[in-house]
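# Understanding the architecture of this molecule
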Amino acid sequence: MLHDLLRRADESGDLTRDDILLLLGVEAPEQVRALLNVADAVREREVGTDVHIRGLVEFSNYCRKNCAYCGVRRGNREVERYRLEPDEIVSLALHLSERGIRTVVLQSGEDAYFTGEILADVIRRIKSGTDMAVTLSVGERPRADYAEWRRAGADRYLLRHETVNPDLYRAMHTGSTLETRLRCLNDLRDLGYQTGIGFMVGLPGQTLGDLADDLVFVRDFQPDMLGIGPFIPHPATPLGGCQGGTLEMALKCVALGRILTRNALIPATTAAGTVDVHGREKALQAGANVVMPNYTPDGLREKYEIYPNKRCLTEDPSGFQSGLRERILAIGRTIATGRGDSPKQRERADPPARLSTEN
Ligand code: 5AD
Ligand code: SF4
């Protein structure tokens, strides 16, 4: 039974919600191992040994949102707010490019200071000075802003859907709706962005059924990128006293994410590396193929504390050069040299030829 299911997961990834729920529920260590191994094999076959490096720059921790789980939520008065100047953002990106990093991820809270125009200018300057891919992760915006940034040259956009359960969504995001979130994701895809979704594992009130629904959404949306990590309670938030998610459940979700998407770009998240020192390597061996070392300047990085003890805080500032690279090579993987664009975007433009019995 489980054996047949795992074979189908391996061969086609064609799974129903019930299949997904059953796999999420496996607990015997050898069965969990078998699931993660299938995902590792699918990753190897579909996208090879390469791990893609994305340089993360958290350029502002101002945020108009008040997500219940997040340490930089508007209501947290203990956070010292900062924003980098456009010139600083551009020069950080140029610096990353000189070091051979071919994607910069520009992430921030929902900060109105960065108007469509200001951010478009930053994007244009990076794109004209380098051959880097630019990934944005700046939250919910009007379609016009997304369109302006796309015209300025932005390639990719990360906007985790967080949960497809509308009630859980509302409980976590006072005043925001799942509907708006999904509208944003549809706009992004429609505008030609390589689009990333994702969710946290272990939110208070989240059931195994909710996670199965998130994975069904992943299966149906077929995102270019997929970020999954454990929820980590932050003491200065309403969820500070709640239990966090486990690495094991997060790894099962990463594995199912790989099985269901086949060739998506899936990061070994910082959150996975925070709940377990080897969390990121474990994720890389359960389907993940991306890492996002943090290049936010020293002195600011610790202010972007969406959850406590973010692993990167204790990494060397030149982070990736020391340590992470060796750890990737030590598990038998290679470091990608290309830009690491989404294979799915290519497939959408140019669908694979179907084997046909006609003509
Ligand atoms: N623990 C883990 N992940 C978190 N995020 C926000 N707060 C936390 C937390 N406390 C995730 C959300 C968000 C992404 C930027 O970080 O999924 O989309
Ligand atoms: Fe703001 Fe993002 Fe944190 Fe929500 S998760 S409060 S949108 S920074």
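Our structure's up above, just so we're on the same page.
Residues numbered from 1 in each chain as written. Chains lettered and ligands numbered in written order. Predicted model: local features only at pLDDT ≥ 70, side-chain atom pairs only at ≥ 80, totals over all residues. Heavy atoms only, no water.

## As for the packing of helix α4 (residues 86-98) against helix α5 (residues 116-129)
To keep things clear, this is the line we draw: Helix axes use the C-alpha atoms of the stretch in contact, all axes being lines fitted to C-alpha atoms, and the angles between their N-to-C directions lie in the range 0 to 180 degrees. Numbering of helices and strands runs from the N terminus, with a helix taken as a DSSP run of H or I at least four residues long and a strand as a DSSP run of E at least two residues long. Should an angle lie under 35 degrees it is considered roughly parallel, over 145 roughly antiparallel, and from 65 to 115 roughly perpendicular; all remaining angles are considered oblique. Less than a right angle of anticlockwise turn of the near helix away from the far helix marks a crossing as left-handed, whereas a clockwise turn marks it as right-handed. In what follows, a contact means two residues having at least one pair of non-hydrogen atoms within 4.5 Å. Note on residue classes: Ala, Val, Leu, Ile, Met, Phe, Trp, Tyr, Cys and Pro are nonpolar, Asp, Glu, Lys and Arg are charged, and everything else, Gly too, is polar.
It is the contact of α4 with α5, at a shortest axis distance of 10 Å, that shows an interaxial angle of 30°. By the angle class used here, α4 and α5 are roughly parallel. Considering how the two elements wind past one another, α4 and α5 form a crossing that is right-handed. Each of Pro 86, Asp 87, Ile 89, Val 90, Ala 93 and Leu 94 in α4 lies in contact with α5, whose residues at this interface are Ile 118, Val 122, Arg 125, Ile 126 and Gly 129. Classifying every residue of the contact of α4 with α5 gives eight nonpolar, one polar and two charged.

## Overview of the environment of Leu 226
Selection criterion: In this scheme, a residue with accessible area under 20% of its type's maximum is buried, one over 50% is exposed, and one in between is partly exposed, where area comes from a 1.4 Å probe on protein chains only.
As for its position among the elements, Leu 226 is in strand β7 (residues 225-230). On the basis of relative accessibility, which here comes to 0%, the residue Leu 226 falls in the buried class. Linking Leu 226 and Thr 49, residues 177 residues apart in sequence, is a C-alpha distance of 18 Å. The residues touching Leu 226, leaving out its near neighbours within four places in the chain, are Ile 197, Gly 198, Val 218, Gly 257, Thr 261, Leu 265, Ile 266 and Pro 267.

## Looking at the pattern of salt bridges
The condition is simple: Counted as salt bridges are all cases of a side-chain nitrogen of Lys or Arg within 4 Å of a carboxyl oxygen of Asp or Glu.
Inspection of every chain in the model, using the stated rule, returns 30 salt bridges. With its nearest N and O atoms 3.9 Å apart, the salt bridge here joins Asp 121 to Arg 124. With a gap of three residues between them, Asp 121 and Arg 124 both fall in helix α5, about one helical turn apart. Between Arg 156 and Asp 341 there is a salt bridge whose closest N-O contact spans 2.9 Å. With Arg 156 in strand β5 (residues 156-158) and Asp 341 in the loop between β9 (334-335) and α14 (343-349), the pair connects residues that are 185 residues apart, well separated along the chain.

## Some words on the side chain of Gln 107
How we decide: In the analysis that follows, any N or O atom pair within 3.5 Å is treated as a polar contact, provided that within protein one partner can donate a hydrogen and the other can accept it, and provided that, for residues neighboring in sequence, both atoms belong to side chains.
Counting through the fold element by element, Gln 107 comes out in strand β3 (residues 103-108). Overall, the relative accessible area of 18% leaves Gln 107 in the buried class. A polar atom in the side chain of Gln 107 sits 2.9 Å from the side chain of Ser 137. For Gln 107, the contacting residues outside a window of four places in its chain are Leu 56, Val 57, Glu 58, Phe 59, Ser 60, Ser 137 and Tyr 304.

## Brief notes about the nonpolar core
To keep it simple, the criterion reads: To form a nonpolar core, buried Ala, Val, Leu, Ile, Met, Phe, Trp, Tyr and Cys residues must be joined to one another through side-chain atoms within 4.5 Å.
Counting 89 residues, the largest nonpolar core has Leu 106 and Trp 149 as the members making the most contacts within it. At 10 residues, helix α10 (residues 247-261) tops the list of elements feeding residues into this core. Here Trp 149 is in contact with Thr 115, Gly 116, Leu 119, Ala 120, Ile 123, Leu 136, Val 138, Arg 141, Ala 154, Tyr 157 and Tyr 193, once residues within four sequence places are set aside. Of all hydrophobic cores here, the second largest spans 11 residues; its members include Tyr 69, Leu 168, Leu 203 and Phe 231.

## Some points on the site of ligand 2
Note the threshold: Throughout, the term near means that a residue has one or more heavy atoms lying within 4 Å of the molecule or strand in question.
Inspection of the region around ligand 2 gives Cys 63, Lys 65, Cys 67, Tyr 69, Cys 70, Val 72, Arg 73 and Gly 109 as its neighbouring residues. For the shell around ligand 2, the per-class residue count stands at five nonpolar, one polar and two charged.

## Structural notes on the site of ligand 1
Applicable threshold: Exposure was quantified through the Shrake-Rupley algorithm and a 1.4 Å probe, taking into account, for residues, occlusion by the shown protein chains and nothing else.
Near ligand 1 the following residues occur: Tyr 69, Cys 70, Arg 160, Glu 162, Met 200, Pro 230, Phe 231, Ile 232, Ile 306 and Tyr 307. In this structure, Arg 160 approaches ligand 1 through a side-chain N or O atom, which is 2.9 Å from an oxygen atom. Within the side chain of Glu 162, a nitrogen or oxygen atom sits 2.5 Å from an oxygen atom of ligand 1. In the complex, the protein chains occlude 85% of the 410 Å² of accessible area that ligand 1 would expose alone. When its residues are assigned to classes, the shell around ligand 1 shows eight nonpolar, no polar and two charged.

## As for the sheet that holds β5
In any sheet, the strands associate via hydrogen bonds between backbone groups, in a parallel or an antiparallel arrangement. The criterion, for reference: We call two strands paired when DSSP finds no fewer than two bridges between them.
In space, the six strands of this open sheet follow the order β2-β3-β4-β5-β6-β7, with parallel pairing throughout. The open sheet has two edge strands with one neighbour each: β2 (55-60) and β7. The sheet shows a mean angle of 20° between the axes of neighbouring strands, taken without regard to direction. Note: strand β6 (residues 194-201) against β7, six bridges, orientation parallel. Bridging from a neighbouring strand, Met 200 pairs with Gly 229 of β7. The strands touched by α5 within the sheet are β2, β3 and β4 (133-137), with β4 carrying the most contacts at an inclination of about 155°. Where α10 meets the sheet, its contacts fall on β6 and β7, and the angle it forms with β7 comes to roughly 165°.

## Description of unusual backbone geometry
Working note: non-glycine residues mostly have negative phi, and peptide bonds are mostly trans. Here Glu 162, not a glycine, exhibits a phi torsion of approximately 75°, which is positive. For Glu 162, the position within the fold is in the loop between β5 and α7 (166-172). In this structure, Gln 222 is a non-glycine residue whose phi angle is positive, near 45°. Considering the arrangement of structural elements, one finds Gln 222 in the loop between α9 (208-221) and β7.

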